[in-house]
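What follows is each chain in one-letter form.
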Amino acid sequence: MDFEFTEDQVMLRGLVREFLSEQCPVSHVRAMMEHPRGYDRDLYRRLVQLGMLPFPEKYGGAGLGMIEQAIVLEEMGRIPYPGPYFATVILAGGAIMASGDSRAQMRYLPAICNGDLAMSLAFLEDGISWGPDAIGLSMAREGESYRLDGIKRFVPFGQSVDDILVVARSGGGRGAEGISLVAVPADAPGLVIEPEVMMDLTSKTATLRFEGVRVPAENRVGPEGGAWPAVEVALRQAAVGASAEMLGAARKALEMSVDYAKVRKQFGQYIGQFQAIKHKLAEMLELVENAHAAVYYAAWALDAGAPDAALAASVAKSTVNVAARRVCGDAIQVHGGIGFTWEYDLHLYFKRAKHLEPLYGDTEYHRERVLQEALAGRVAGSA
Amino acid sequence: MDLSYTLEDQAFRQWVRAWLAENVPRHKLTTMEEKKAWHRKLYDAGFIGMGLPREYGGRDARPMEQAIVGEEMVRAKAPPPLNGLGIAIVIPTLIHHGTEQQKRRFIHKLLTAEELWCQLYSEPNAGSDLASLQCRADLDGDEFVINGQKIWTSGAHEADWGLLLARTDRSAPKHQGISCILVDMHTPGIEVRTLKQISGSEEFCEVFFTDVRVPRENLVGELNGGWRIAQTTLSYERGGNTLSRYARLLQQVTRLLDVCRVLQRDGRPAIEDPVVRQKLGQIYAEMEVLRYASLRILSRLERGLRPGPESSLAKLHYSELDKRVQELILDILGPYGQQVGGIPDELALEPGAAYGEAGSWMYAFLWSRAGTIYAGSSEIQKNIIGERVLGLPKEVRADRVAAQVAGAASGDGAD
Ligand SMILES: Cc1cc2nc3c(=O)[nH]c(=O)nc-3n(C[C@H](O)[C@H](O)[C@H](O)COP(=O)(O)OP(=O)(O)OC[C@H]3O[C@@H](n4cnc5c(N)ncnc54)[C@H](O)[C@@H]3O)c2cc1C
Ligand SMILES: Cc1cc2nc3c(=O)[nH]c(=O)nc-3n(C[C@H](O)[C@H](O)[C@H](O)COP(=O)(O)OP(=O)(O)OC[C@H]3O[C@@H](n4cnc5c(N)ncnc54)[C@H](O)[C@@H]3O)c2cc1C
């Protein structure tokens, strides 16, 4: 057993950190907050071309695992990177991989790997729910095409990606029965895309209204009516990926707070000398280190196909949700007035972490999942 | 002990409610003229500074009557009056420490909002440690010459006057060289720059003073006696009217309950979800305790007791409570709680609120992060409670050690 990163993993982190700190300075992040697309296409292309994608080499990927994705996403959380990497690679790409549909993989993954194709996954509708019952958007076969009607909300970068992988319901059915995946080009007639404005302006999202949208039948990904297992895998990876990103944001907020506590003086001493601050920072570190353990355990478990992979993913998301909220919130407190200003960067991390908190399952959802897995005996060593 | 409202209070409440029903503007007030006109109407109705003696434009109202007005205003969704900080701190300062002439010159115009005020206390290097402030006011004949910088000054960009703390004796120990001065914000040499907050709004400012000349008669109290004055006013700022904070939260939570009947969680209205119900129950219980605690403070005020260090307990309570409650609200609303643009009207706190504007769940959430920082951070409040309420020995602190070494008495600092 070895909980330390391999040399390659350390190099990967260094590569991503260097790339992002050079190519994506905070001035760029702030520019993208005001930008309707929310990201720079050229930067995005160069980012995916760094050679760190999880997809098989035959599609142009690097064949890396979830541990590597967690490393990459943690780095992105530290920026926080504005762009559809998560949407394309973890959500859409993850579902396409998990679908086992080699035709669809051939069609989409090479374009994703060379940066030509940015995608997203449309899951949530009006209600908040992360199970298959959330899906009501209807997908009906009409000759050689499908007709889509319904609504999707909070679609990550839904206003500025090329194709949207839509989780839809075909042929009635309930629960996991009848869930299908279909790729819809953003410019499809009948698709109305309304940009949303979220607290985290670096995370663009959109409401998508499907009013008789028609797409060729070949755009379906995975079996008709049988795509839920692939969606579930993608959501589980997303929960771990989001946790990694939140961990990055939280650790960055902690580092800024520790640095600040060492230079800010009040009452003739560094504020870090006050136990109120020192203890707060110590607790923040405890939360961050435990979040690290939870994220990378889960990432490893997914890669290893461990019996407790689902359990670990939900442990990670529920733990990091709580940790990131506390750490980023306390970071503002430690900074005092300056932490409440727009010009100071702390709120960028606070808001990114908060943005991801309810997505891909909130704390209560994942605690429930943890319990279900434990009760079912799918725990460590149960294989 | 009897916690029911007296018949007199009940009748007063009915009267206030009726007045508000008739007079609250139906559209959003946008321009300063509109806001001032509404404020003036409230003033004429006797709702502004109502606890003040009649000679200063008040009506000698009891604290309970003030609280009732505050509560009813929130209930009626009345736009808030202007000059909140001025009324809370400048007026008590002037009444306790100002000259007759200052009282006559300033109080009426402040109450009517003909003149808007700001609080020029914090500096880049003097926040919690307010007494270390460096902004200078040097006497030159019968004028002060002010040089230095203030920061986080709420409303400075709209203010006509500022209540300034400045250093008037640089050789004295830090608490003993500070004076309290009234500054006309239109004086040459004052530059105000707004700062944007994490909420996206611009309410606080940096204020730069370069050779700003202020007549000596604008000094409040004694020269170098400013610290004691600041101490009294800070306790007013902290004590505040916690009942109207309760009312504001209640308004938000009432809306939340409506939203929970519409919002679907896991295929049913959120209001039927046991987890959501637990959180709503917690929010409600916390709010009720805030109301009870506020009533307890009120009843002490009714008996004529002044807010003392105990006001730190109230401040710590409501500011930390607000953070907890706003987190719970966002938990319940999921991504909708963070959505501003494109949120369905039936799920919004106030439909149509934009980023950086009051009226969204997000805005209330973000502002809850400020409450534990301004008017003395939670850490500072805990120090005050520990040392001045519980009587614990003081923390060893570098500035106190330095003061002891210098042979000077360690002041009882802003902590
Ligand atoms: C069940 C039990 C088993 C133990 N077993 C052993 C043993 O096997 N061998 C052994 O040698 N000892 C043992 N101890 C003793 C233990 O190590 C001491 O109780 C401990 O070090 C605290 O010391 P104290 O009780 O004198 O409390 P104090 O040191 O007086 O502490 C009182 C309070 O002040 C706080 N405090 C003290 N200093 C600071 C500071 N600098 N900053 C902030 N807060 C501070 C403490 O956290 C505590 O809350 C045991 C104690 C218990 C309760
Ligand atoms: C929204 C907002 C509006 C404001 N409006 C005004 C205004 O109108 N006028 C005005 O004058 N000021 C205003 N302020 C300023 C406010 O009073 C200060 O921000 C506050 O006093 C804290 O000072 P600081 O920001 O310099 O933080 P610091 O004092 O640097 O504090 C940083 C951290 O150190 C902690 N700390 C400091 N000293 C101690 C100690 N002894 N023990 C333990 N912990 C300690 C603090 O609690 C905090 O967590 C406003 C602030 C905000 C956020």
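Keep in mind it's a predicted model, so treat the numbers as computed, not measured.

Quick notes on the rules
- Residues numbered from 1 in each chain as written.
- Chains lettered and ligands numbered in written order.
- Predicted model: local features only at pLDDT ≥ 70, side-chain atom pairs only at ≥ 80, totals over all residues.
- Heavy atoms only, no water.
- Domains from an automatic or database assignment.
- Buried area = accessible area lost by both parts, 1.4 Å probe.
- Salt bridge = Lys/Arg side-chain N within 4 Å of Asp/Glu carboxyl O.
- Polar contact = N/O pair within 3.5 Å; in protein donor to acceptor, adjacent residues only side chain to side chain.
- Nonpolar A, V, L, I, M, F, W, Y, C, P; charged D, E, K, R; others polar.
- Near = heavy atom within 4 Å.
- Areas by Shrake-Rupley, 256 points an atom, 1.4 Å probe, with all protein chains shown as cover.
- Helix = DSSP H or I, 4+ residues; strand = E, 2+ residues; numbered from the N terminus.
- Buried < 20%, exposed > 50% of the residue type's maximum accessible area, 1.4 Å probe, protein only.
- Pairing = 2+ DSSP bridges.

Participant: Kindly report on the domain arrangement of chain A, identifying the contributing residues and their values.
Facilitator: All names here are of chain A. What the domain assignment lists for chain A is domain 1 (7–118), domain 2 (121–221) and domain 3 (228–375). Centre-to-centre, using C-alpha coordinates, domain 2 lies 30 Å away from domain 3. For the pairing of domain 2 and domain 3, the buried interface totals around 1,400 Å² over both sides, and the portion due to carbon and sulfur atoms is 76%. On the domain 2 side of the contact with domain 3, Trp130, Met199 and Asp200 bury the most area, a combined 44% of that side's loss. The tally of links between domain 2 and domain 3 comes to one salt bridge. Taking the shortest distance from any N to any O, the salt bridge between arginine 352 and aspartate 200 comes out at 3.1 Å. In this assembly, domain 2 and domain 3 are joined by three residue pairs in polar contact (both at pLDDT 80 or more). Tallied by class, residues from the side of domain 2 that touches domain 3 come to eleven nonpolar, four polar and one charged.

Participant: I'd love a proper account of the site of ligand 2, names of residues and values included.
Facilitator: In the vicinity of ligand 2 lie 31 residues, with A:Arg264, A:Gln333, A:Gly337, B:Ser128 and B:Ser377 positioned nearest. Chains contributing residues near ligand 2 are chains A and B. For ligand 2, an oxygen atom lies 3.1 Å from a polar atom in the backbone of B:Tyr121. Considered on its own, ligand 2 offers 970 Å² of accessible surface; in the complex 95% of this is hidden by protein. Mapped onto the shell around ligand 2, the elements with two or more residues apiece are α8 (275–304) and α9 (309–335) of chain A together with β3 (143–154), α10 (361–371) and α11 (378–389) of chain B. Considered class by class, the residues forming the shell around ligand 2 number 17 nonpolar, twelve polar and two charged.

Participant: Lay out the environment of B:His175 in plain terms, naming residues and giving numbers.
Facilitator: The residue B:His175 is located in the loop between β4 (161–167) and β5 (178–184) in this model. Judged by its relative accessible area of 11%, B:His175 is buried.

Participant: With reference to specific residues and values, describe the pairing of strand β5 (residues 179–185) of chain A.
Facilitator: Residues and elements named next belong to chain A. With six of seven residues buried, β5 is to be regarded as a mostly interior element. Bridge analysis of strand β4 (residues 163–170) against β5 gives seven bridges, and the strand direction is antiparallel. The partner of valine 166 across the bridge, within β5, is valine 182. With two bridges joining them, β5 and strand β9 (residues 220–221) adopt antiparallel strand pairing.

Participant: Can you tell me about the pattern of salt bridges, naming the residues and giving the values?
Facilitator: If you walk through the whole model with that rule in mind, you get 59 salt bridges over all chains. The shortest N-O distance in the salt bridge between B:Glu72 and B:Arg17 comes to 2.9 Å. Pair noted here: B:Glu72 is in helix α3 (residues 63–75) and B:Arg17 is in helix α1 (residues 7–23), with a separation of 55 residues, a long-range link. On the basis of relative accessible area, B:Arg17 is assigned to the partly exposed category, the value being 32%. Connected via shared salt-bridge partners are A:Arg325, A:Lys354, A:Glu357, A:Glu364, B:Lys279, B:Glu327, B:Asp331 and B:Arg369.

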